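Observations on the three-dimensional arrangement
Now for the letters of each chain:
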Amino acid sequence: MKVRTAISTLPFHYPFTISKGTKTHQPSLVLELEGLGRRGYGEAPAIAYYNITTDKMLADLKAKRLFVEKFAFTDPERYWHYLHHLLPADPFLVCALDIAAWDLFGKLKGVSLQRLWGLDPEESPVTDYTIGMDTAEKMVEKMQAKPWPVYKIKLGGAEDLALVRALRAHTDSPFRVDVNAAWSTEEALEKIPLLADLGVELVEQPLAADNWEGMKRLFALSPLPLIADESCVREEDVDRCLGHFHGINIKLTKCSGLTPARRMIVRARELGLRVMGGSMNETSVGTAALAALGPLLDYADFDGPLLLDGDIAEGLHYVDGKVKPSGGPGLGIRVAEGLFADIA
């Protein structure tokens, strides 16, 4: 096989602020995996609070390129296991390669991933649209500029309740609240019942990732479903969430790709947990991979391309709040010409 790479650094339409900080652009490593006469595409966004940069991913890929390319590709799951051991310290890079391998495999089979997995595209849930932290006026402006069936509201500050009240005055759409681990246990116990009265349907990662005792207490008392994000990164985290959260948010980059994500979904269902598929502000490349899982999910957070100015691929369509893959083979996307270069 042959691997080529590109760096995408698209600006956000609005500066994107969560409790961990603000960013104006989203850097991502995008790669092309060529083999058996076909080309597959994958993506891994760089995330500062996980200490993952595009430079690090490129350096890891360059160091192991010969091993990445020499694998005798037959199916993505075998390839993921190989990559998982080859690159144990870089799940983001493994994710990009895994997505590309599934895209390649679908193209070799001549079918979309959803068809390959026996899924009905019509069963995918509506995706939310994220409103980043800002002044109340600016958050209302962002919301009104994008009428949508359901919104994800980023919170984690002293004005949380006032912000949600300001937004609620301008829409009847359901809200999902994402705190990105910013609340104390006492804050969460105080705020969540009030948020329930404001039409919030769930709360994502209210407490610090390692605050399991606080989550156990909150789980017993919360009137709203609690969804793990930072507390559920890898496959082995799913079981630990039982009795602490009502569901998990799976991020492909954090868990290292579609291959483990599918296993995480199966395990979550066995445990009676709800499942969300979460965006890390990917372009249409990474979002197409998320969208392929849509029919397996309770909640969708597939809004990366909606938050960015520009894109590097075509083939995804947003219709009545749902992401509609094209139905083409693999991911069903077309990547911009001339984007990729050989690894030096």
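So, here's what we can say about the structure.

About the criteria used
Residues numbered from 1 in each chain as written. Predicted model: local features only at pLDDT ≥ 70, side-chain atom pairs only at ≥ 80, totals over all residues. Heavy atoms only, no water. Core = buried A, V, L, I, M, F, W, Y, C linked by side-chain atoms within 4.5 Å. Buried < 20%, exposed > 50% of the residue type's maximum accessible area, 1.4 Å probe, protein only. Helix = DSSP H or I, 4+ residues; strand = E, 2+ residues; numbered from the N terminus. Contact = heavy atoms within 4.5 Å. 1 Å grid on protein atoms, 1.4 Å probe; cavity = no way out; pocket = protein on both sides within 12 Å on 5 of 7 lines; lining within 4 Å. Points joined across faces, edges and corners; volume = space filled by probe spheres on them. Nonpolar A, V, L, I, M, F, W, Y, C, P; charged D, E, K, R; others polar. Axes fitted to C-alpha atoms, helices over the stretch in contact; angles between N-to-C directions. Parallel < 35°, antiparallel > 145°, perpendicular 65-115°, else oblique. Left-handed = near helix turned anticlockwise from the far one by under 90°. Right-handed = clockwise from strand over helix to strand, strands pointing away. Pairing = 2+ DSSP bridges. Salt bridge = Lys/Arg side-chain N within 4 Å of Asp/Glu carboxyl O. Polar contact = N/O pair within 3.5 Å; in protein donor to acceptor, adjacent residues only side chain to side chain.

1. Topic: the nonpolar core
Formed by 111 residues in total, the largest nonpolar core has its most connected members in W183, V203, I248, L252 and L258. Broken down by element, this core gets its largest block of residues, twelve residues, from helix α3 (residues 91-109). Beyond its immediate chain neighbours, meaning those up to four positions away, I248 contacts I227, A228, C232, V238, C241, M264, A268, L273, R274, V275 and M276.

2. What to know about the layout of surface pockets
Volume-wise, the largest pocket comes out at about 370 Å³. Lining of the largest pocket is provided by 27 residues; of these, F16, I18, K23, Y49 and N281 occupy positions nearest its centre. Looking at the lining of the largest pocket, the elements with two or more residues in it are β1 (2-18), β2 (21-35) and β5 (151-154). Broken down by element, the residue count for the lining of the largest pocket peaks at five residues, all from β2. Split by residue class, the lining of the largest pocket holds ten nonpolar, seven polar and ten charged. Size it by volume and the second largest pocket reaches roughly 290 Å³. Elements with a minimum of two residues in the lining of the second largest pocket: α2 (76-86), α3 and α10 (252-255). Broken down by element, the lining of the second largest pocket gets its largest block of residues, three residues, from α3.

3. What about the packing of helix α7 (residues 185-196) against helix α8 (residues 212-221)?
Each pair of packed helices can be described by the angle between their axes along with the distance between the axes. Closest axis-to-axis distance for the α7/α8 pair is 10 Å, and the angle between their directions is 15°. The angle between α7 and α8 places the two elements in the roughly parallel class. Crossing geometry of α7 relative to α8 is assigned as right-handed. Contacts from T185, E186, A188, L189 and I192 of α7 reach α8 at G214, R217, L218 and L221.

4. Some remarks on the pairing of β5
Of the two faces of β5, the one lined by Y151 and I153 and the one lined by K152 and K154 are each fully buried. Viewed along the sheet, the connection from strand β4 (residues 129-131) through helix α5 (residues 136-145) into β5 turns out right-handed. Looking at chain direction, β5 and strand β6 (residues 175-178) are connected through four bridges and run parallel. Bridge pairing in β6 places K152 opposite R176. Each parallel crossover has a hand, and the one from β5 via helix α6 (residues 160-168) to β6 is right-handed.

5. What to know about the pairing of strand β3 (residues 38-45)
Burial analysis of β3 places six of its eight residues in the buried class, the great majority of the element. Two elements, β2 and β3, share eight bridges in a ladder whose sense is antiparallel. Following the sheet pairing, E32 is matched in β3 by Y41. Between β2 and β3, which pair antiparallel and follow one another directly, the connecting turn spans two residues, one of which, L36, has a positive phi of 55°.

6. Comments concerning the pattern of salt bridges
One pass over the full model with this rule turns up 30 salt bridges. Across the pair E32 and R4 runs a salt bridge, and its minimum N-O distance is 2.8 Å. A residue pair is termed long-range when its members are at least 10 positions apart, and E32 in strand β2 and R4 in strand β1 qualify at 28 residues. Side by side, E32 and R4 carry an identical accessibility label, which is buried. Residue K191 pairs with E187 through a salt bridge whose shortest N-O separation is 3.5 Å.

7. Focus: the sheet that holds β2
Pairing is antiparallel across the open sheet formed by four strands, whose spatial order is β3-β2-β1-β16. Here the strands that pair on one side only, and so sit at the sheet edges, are β3 and β16 (341-342). Its contacts with the sheet put α3 on β1, β2 and β3, and the angle it makes with β3 is roughly 150°.

8. Topic: the side chain of H244
For H244, the position within the fold is in the loop between α9 (237-241) and β9 (247-250). Exposure remark for H244: the relative accessible area of 16% places this residue in the buried category. A distance of 3.1 Å separates the side chain of H244 from the backbone oxygen of R240, its partner in a polar contact. Engagement of the side chain of H244 in a polar contact is seen with the backbone oxygen of L242, the distance being 3.2 Å.

9. Focus: unusual backbone geometry
Not every positive phi belongs to a glycine, and L36 is a case in point at roughly 55°. One can find L36 in the loop between β2 and β3. Residue N180 is not a glycine yet carries a positive backbone phi of 50°. Within the element layout of this structure, N180 appears in the loop between β6 and α7. By relative accessible area, N180 is classed as buried at 3%.

Read these as spatial facts, not as claims about activity.
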